[in-house]
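# Breakdown of the fold
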Amino acid sequence: MNNLLANIGKNRNHKKGLIALLGLCFLLVILLAGAYLLRNTLGKIILEHITQEQQLQVNCLDLDFDWQANIQVNKLCIELPNLLLNLDNATWLRSANSVMISSVYLQHVDKPLAPVEPSTSPALTDFQLPANLPTVSIEKLRLISPLLAKEIQVAVSLDNAATLVLSGDITANIRLQNKIWQAEIEWTLADVIKTLPLAQTFQQQHINWLTDDVADNAKFVSRIDFDGRQLRAKHDVNVDLRLVLPNCSTHLQMQGSFDTSLPELLVTPYVNIDLSAMHNTIDLSECEALPKPLADLQLQRFDFSVPKPVYLDFQHITLPELQLTTHMLEKQLLLQDLRYTFKGVIELAYNLSIKQQLSVFEFSSGKLELNSTGQLHAVLPENLPLSALQWTLIDGLSHLNVHQLSKDNISLTQLTADIKLSGSQATGIQLSADLQADTVIGFELALTKLHSQLDMSINPENTLQIKLDNMVQQPSYKLFKAAQLDNQISFSAMLSATPFDDGIDSFSQVNLHVDSVLSKLHSNDVQVVKLNNQIQVLGDNVDDLQFTLGTQLDAIQLEGIKLSKVNNQLNAKLLKRNSAEFSGQTKATNLVIEMTDKPLLLKTLSFEHQGKTGFTLDNSFSHHKILLENSLKAEVEQQQQHVSLLVEQQNVTDLQPLIRQLSPDLTLTQGKLNARVVTTLNSQNSELDVAADVKLDDVSGRYAEYLFSGLSSQSPISISSAGLQLGASTLRLNLLNVGLPIEHITATLLTQNTALKLENINGNTLGGQFRLKDVWLDGREQHIDVVLENIDLAQIVALQDQPGISITGHIGGKLPVNSNKQTVGIDEGKVVSQGGGILTIKGNPAFDSIKQQQGELGFLENYHFSQLASKVTLKPDGWLYLDLAFYGQNPDKKQAVNFNYTHQENLFTLLETLRVTNNIQDKIEQNISKGAKQ
C-alpha cells in the first residue's frame, strides 16, 4: 500500500514537472514568436542602444531570418549627425560567414555643428573590430556629399583573409593586420580638383598659375590605417613645381611627409593634420613683379613650416602656428591661431620677427630688429570683388630697432620706431607711429636727433588723412647748420579705388598744410636767426592744385649784408601738371649793406610778382615790380631766357635817401632817370652777360658847396666775365659853380680796363674856354694838361673884389696838372695875353697908399699893355703863385712901362669865400622873392 501510494505520488510529481516544462516551452515559443514579430523594433532598439555614443538613429529597419539563423536585411535606414545610410537587400549566411549587399547609399549632410575642438570631444569606450570578420560583398556603394563634385560609386569586396577591395570610381586594396585596416594610395592634386568643388573653384580663380600640368605633377603617396574608430594616414610628398604668374615666376618645393588622423570618425567629424615633418620652400628670385625693397632686403626665398597639428573639419581649418623664415637669414613671420572656414572666414594672430645683420645689404655694419604682432579677422567674398572683403585688424603693434648702421658716407647710431595699426572695412585703417633717430649722417645731411610722430588713417570712403610732427636737433646740409627744425605736416585726400595702380593720379580733394620753423641757421657767410615756412596745397585733383607759400626770415646776415626781416607770400595754381601761374609779394625791411666808409641802410624793399611757368625757361614768363624806400620804382620782365630791368621817367630826387647815405655831400634837386638792363639766362653757362643803358636828363643839385645844373648823359653799360664796361657816352653839364661858374661842360665818359675815364673835356669859364684830353676817375696818379683860351682878365680881377681896379684883355695858356687820390697841383704852368689890354686903377685905397711911397706906380693908373705873361704854380695845400710880367706904356705920360708882379693867394680859400658869398647872395634873393610873393 505504501509502495502504491509512493508510486502514485511519483507519478503526480512527474506529471507536474511535465506540465511545467510544457509551460516553459510554450512561453519560449510565445517569446520567440513575439521576438520574430517585433524583430524590426527590437533590432532598432538594440542598434540605437549599443551605438548611443555615436548618436546613431535608426529610421527604418526591415529584417528577416530563417531556421538556419541566416539574416536577411531588406531595408536599413541609419542617421548619424552628418551622415545618412540606406542599405538594401543585405544577406548574412551563417554557415558561410558571408555578407552580401545589393546597394548601400551614403549621404554626407552638411549640417551646422557647434565647433568641437579635439581637446573637448567626448571620450568613447574602447572599440575593437570583430575577431572573425565575415566575407563582405557590396555590389554598389554610392557616396554623395556637398563637398564632392559628383556622386562616387564603388563595389566593395572583403574576403575572410581580411582584404578589402574597392573598384569603380575609387580603386584600392585595404588589408587588415593586427585588427587595423591598412591601405596605400597614390594620388595627385588633379584627383582632388576633380573630386572636390571647392578645389575646382579655387583652380578656376587661379587658373593663371594652377594649371592642369601643375595639378598633375603634384603627386602624393598616402598610407592609411583604420582601427574601426580612428582613421590615420601618413602622406609622402615630393612636389617641385614652377608656377608661372603674370610677370612672376615662382618656384615651389614641398618635401617630406605629413600625418592626418580622424580621432572619432563617427562622433566628431574632424581631422588632425601633422605637417611638422614637411620641408617647404618658395623661391621668388625670378619674380619680376617682386617690389625692389623686398629684393633689397633679400625677402625672395622663404621656408615655411607648421610645427603644430592642424585641425580640419567640414566647416573650418585651424592652424595653431605657421612659421615663415627667409632663406639663410634671421627673419621669421609667425602666424598663430590661424582659423579659416570654408565659407570664407579667416582668423589669425601674427608675429613677425626679424633680426638681421645688415652687412648682407652691402652695409659695412649695422643690425636690424623688427617685432610685429596683431590679430586679423576676415570674411572672404564669394564671387565678389576684393573690395567686398570684410576684415578687422586689432592690436597691431610693431617695434623697429636699427643701430650702428654704416655704409660709405651714410651712418646711423640708432633708429627706433613704435607702430600701432588697427582697422576694419567698416572703420578704415588707423596707424600711429613714434620714431626716434640719433646721429644720422648721409648725402651731405646730418642731424643729432630726430623725433617724429605720425598719425594716419584711411576711412571706408577712401579718405586719407596724415598728420606728421617732426623735431630735428642740430640739422646740417653741406655748409649750412641749424640749432633745431620743427615741422608739422597735415594732409588729406580722397583715394581712387586702385591707388597703387593710379599712382599720383589716385589723389583728389587734396589738402596739404606744412608749417616749418628753422632756428639759428648759419654757414660760413650766412646767418638766419629764424626761418618760418608755411605751405598750403588745395585742389580737386592733382591736375588742378593751388599753392600758397609763406616765408618769414628774421635777422638775416650775409657777407656784407644784414636784413631785419623778409616776408614772402606766393600764390600759385598748377595747370595740368605741365605749367603753373603764380603771383605774390616779397618785402624786406632794414636792409643794411656794408660799404667801405659806412653801411647803406634801406628801410624798405618790396617786390610784386606775377607770371606763368612751364617749369623750363623756354616756357616761363614773369613780371616783377620793385619799390625801393617807397619811392624808387622799377620793373623786371622775364620772357623765357630774356630778362630786362626797366626804370622809366623816375625822379632822381627819389634816390636821395640812398644818395644821402652813399655821399652825404651830394643833394639832387631835380632831374629824371631812365634805365634799361637786359640779360639772357643760360642754364648751360654760369657766366652772366648784362647789358644796360642809363640815361640822366636835366639833373641839378649840390655837391658839398658846389652847385651844378643841367646834367645829362646816356651811358651804355655791359657786365661780363671781363668785368664792368661802360661804352663811350656824352656827358653834358650846363653849370658847375665851384666859386666861379663853369658852364657848358661836355665830355666823353667810358671805361678802359674796367676803370672810369673822361675824355675830350670842354667847357666855358671866366668868359673863355678850357679843354683837357684825358682824366682817370679811379684816383690814380696822373698828369693832365689843361688848355685855356680867351679867359677874360676883367672877370679874373673881379674875383678879387678890389674897387677902382679894372682891366681888359684875354689870356690863354696851358696848365700842367698833377693829381692823385688826395691832392692836386700845377707845376710851371704858363699863360700869356691874347692881344693887348688896358689896366685902370682909380680910387683904390690900397693902391693909393702904396703910390704915396712909390710914385712910379702912377704909371699904372692908365696902363696900356701889349703883352702879359705869367708862370702859374699851385701847391697841394691850395696856395697859388703867379709870376706876372707886363709890357706896355702909359699914353698919358708917353712913357713905356714894363713891370713884374708876383701874386700869391690860397686858391681853395678864395673859392670857398666866393661860394660863401654866392650862398649868402642866393639866400637874400630867395628871401626877397618869397617876400614879393607874400
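Anything mentioned here points back to the structure above.
A short tour of the structure in this document, coming up.

Thresholds applied
- Residues numbered from 1 in each chain as written.
- Predicted model: local features only at pLDDT ≥ 70, side-chain atom pairs only at ≥ 80, totals over all residues.
- Heavy atoms only, no water.
- Helix = DSSP H or I, 4+ residues; strand = E, 2+ residues; numbered from the N terminus.
- Contact = heavy atoms within 4.5 Å.
- Areas by Shrake-Rupley, 256 points an atom, 1.4 Å probe, with all protein chains shown as cover.
- Phe/Tyr/Trp six-rings, centres within 6.5 Å; stacked < 30°, edge-to-face > 60°.
- Buried < 20%, exposed > 50% of the residue type's maximum accessible area, 1.4 Å probe, protein only.
- Patch = residues over 30% accessible without salt bridge, like charges linked within 9 Å, V, L, I, M, F, W, Y side chains within 5 Å.
- Salt bridge = Lys/Arg side-chain N within 4 Å of Asp/Glu carboxyl O.
- Disulfide = S-S within 2.5 Å.
- Core = buried A, V, L, I, M, F, W, Y, C linked by side-chain atoms within 4.5 Å.
- Pairing = 2+ DSSP bridges.
- Polar contact = N/O pair within 3.5 Å; in protein donor to acceptor, adjacent residues only side chain to side chain.
- Lys, Arg positive; Asp, Glu negative; His and termini not counted.
- Charge placed at Lys NZ, Arg CZ, Asp CG, Glu CD.

Here the focus is the overall build of the protein. For the protein, the helix and strand inventory stands at eleven helices and 53 strands. Partitioning the intrachain contacts of the protein with sequence separation of at least 6 by distance along the chain shows that 44% fall at a separation of at least 24. As presented, the protein carries roughly 54600 Å² of accessible surface, and 56% of it is formed by carbon and sulfur atoms.

Taken as a whole and judged by the stated rule, the model has six aromatic pairs. The interplanar angle of 80° and the centroid separation of 5.7 Å between the aromatic rings of phenylalanine 491 and phenylalanine 507 together place this pair among those described as edge-to-face. In this pair, phenylalanine 491 sits in strand β28 (residues 484-495) while phenylalanine 507 sits in strand β29 (residues 507-522), placing the two residues 16 residues apart along the sequence. Since its relative accessible area comes to 17%, phenylalanine 491 is described here as buried. The exposure class assigned to phenylalanine 507 is partly exposed, which follows from its relative accessible area of 22%. A ring pair is formed by phenylalanine 886 and phenylalanine 899, whose centres lie 4.6 Å apart and whose planes are at 10°; its orientation type is stacked.

Among the surface-exposed residues, Leu42, Ile45, Ile46, Leu47 and Ile50 lie close enough to one another that they form a single nonpolar patch of about 450 Å² accessible area. Structurally, isoleucine 46 can be placed in helix α2 (residues 39-50).

Moving on, we come to the state of the cysteines. This model, assessed by the stated rule, comprises one disulfide. Cysteine 60 shares a disulfide with cysteine 77; S-S distance 1.8 Å. Residues cysteine 60 and cysteine 77 are joined through a disulfide that is right-handed, its torsion about the S-S bond being 70°. With cysteine 60 in strand β1 (residues 57-65) and cysteine 77 in strand β2 (residues 71-80), the pair connects residues that are 17 residues apart, well separated along the chain.

In terms of nonpolar packing, the biggest core is built from 73 residues, with Ile761, Phe770, Leu860 and Tyr863 touching the most fellow members. When residues of this core are assigned to their parent elements, the largest contribution, five residues, is made by strand β51 (residues 862-874). Dropping the residues within four chain positions of it, tyrosine 863 is found in contact with Gly837, Ile838, Leu839, Phe886, Tyr887, Gly888, Gln889, Val897, Asn898 and Phe899. By size, the runner-up hydrophobic cluster in this structure holds 28 residues, among which are Ile78, Val136, Leu141 and Leu148.

Turning our attention to the pairing of strand β25 (residues 463-473). In terms of strand pairing, strand β24 (residues 445-458) meets β25 through ten bridges, oriented antiparallel. By the bridge assignment for β25, leucine 454 is matched with leucine 468. Following β24, the chain reverses through four residues before pairing antiparallel with β25; asparagine 462 in that reversal takes a positive phi of roughly 65°. Pairing geometry for β25 and β28, over eleven bridges, is antiparallel. The residue bridging aspartate 469 from the neighbouring strand is glutamine 488, located in β28.

Here histidine 609 is to be found in strand β34 (residues 600-613). Reaching out from histidine 609, the side chain makes a polar contact with the side chain of threonine 586 at a distance of 2.8 Å. Polar contacts involving the side chain of histidine 609 include one to the side chain of histidine 624, which spans 2.9 Å. Those residues in contact with histidine 609 that lie beyond four places of it in its chain are Asn568, Phe582, Ser583, Gly584, Gln585, Thr586, His623 and His624.

Attention shifts here to the pattern of salt bridges. All told, the structure shown has eleven salt bridges when counted by the stated rule. Linking aspartate 438 and lysine 449 is a salt bridge whose minimum nitrogen-to-oxygen distance equals 3.3 Å. In this pair, aspartate 438 is assigned in strand β23 (residues 428-442) and lysine 449 in strand β24, connecting sequence segments eleven residues apart. You can call aspartate 438 partly exposed: its relative accessible area is 27%. Judged by relative accessible area, which is 26%, lysine 449 ranks as partly exposed. Residue lysine 757 pairs with glutamate 759 through a salt bridge whose shortest N-O separation is 3.3 Å. Per residue, the accessibility class of lysine 757 equals that of glutamate 759, and both read buried. Salt bridges sharing common partners tie together Lys757, Glu759 and Asp774.

Looking now at a negative patch on the surface. A contiguous patch of negative charge on the surface is contributed by Asp191, Asp212, Asp213 and Asp216. Here the negative patch takes three residues from helix α5 (residues 212-217), the largest share from any one element. Along the chain, aspartate 212 turns up in helix α5.

Considering the arrangement of structural elements, one finds glycine 428 in strand β23. As for glycine 428 and asparagine 459, which are separated by 31 residues in sequence, their C-alpha atoms are 4.0 Å apart. In this structure glycine 428 touches Trp391, Ser422, Gly423, Ile458, Asn459 and Pro460, once residues within four positions along its chain are discounted.

Within the secondary structure, alanine 580 is located in strand β33 (residues 579-593). Taking the C-alpha atoms as reference points, alanine 580 and glycine 614, separated by 34 residues in sequence, lie 6.5 Å from one another. Contacts of alanine 580, omitting those with residues within four sequence positions, involve Lys573, Leu574, Leu575, Gly611, Lys612, Thr613 and Phe615.

In this section: the pairing of β1. Strand residues, when the strand is regular, have side chains that alternate between the two faces of the sheet. Bridge analysis of β1 against β2 gives eight bridges, and the strand direction is antiparallel. Note on β2: the bridge partner recorded for valine 58 is isoleucine 78.

Residues other than glycine seldom take positive phi values, yet asparagine 462 does so here, at roughly 65°. Tracing the backbone through its elements, the reader meets asparagine 462 in the loop between β24 and β25. With relative accessibility at 25%, the residue asparagine 462 sits in the partly exposed group. One non-glycine residue, glutamine 509, lies in positive phi territory at about 50°. Relative to the assigned elements, glutamine 509 resides in strand β29.

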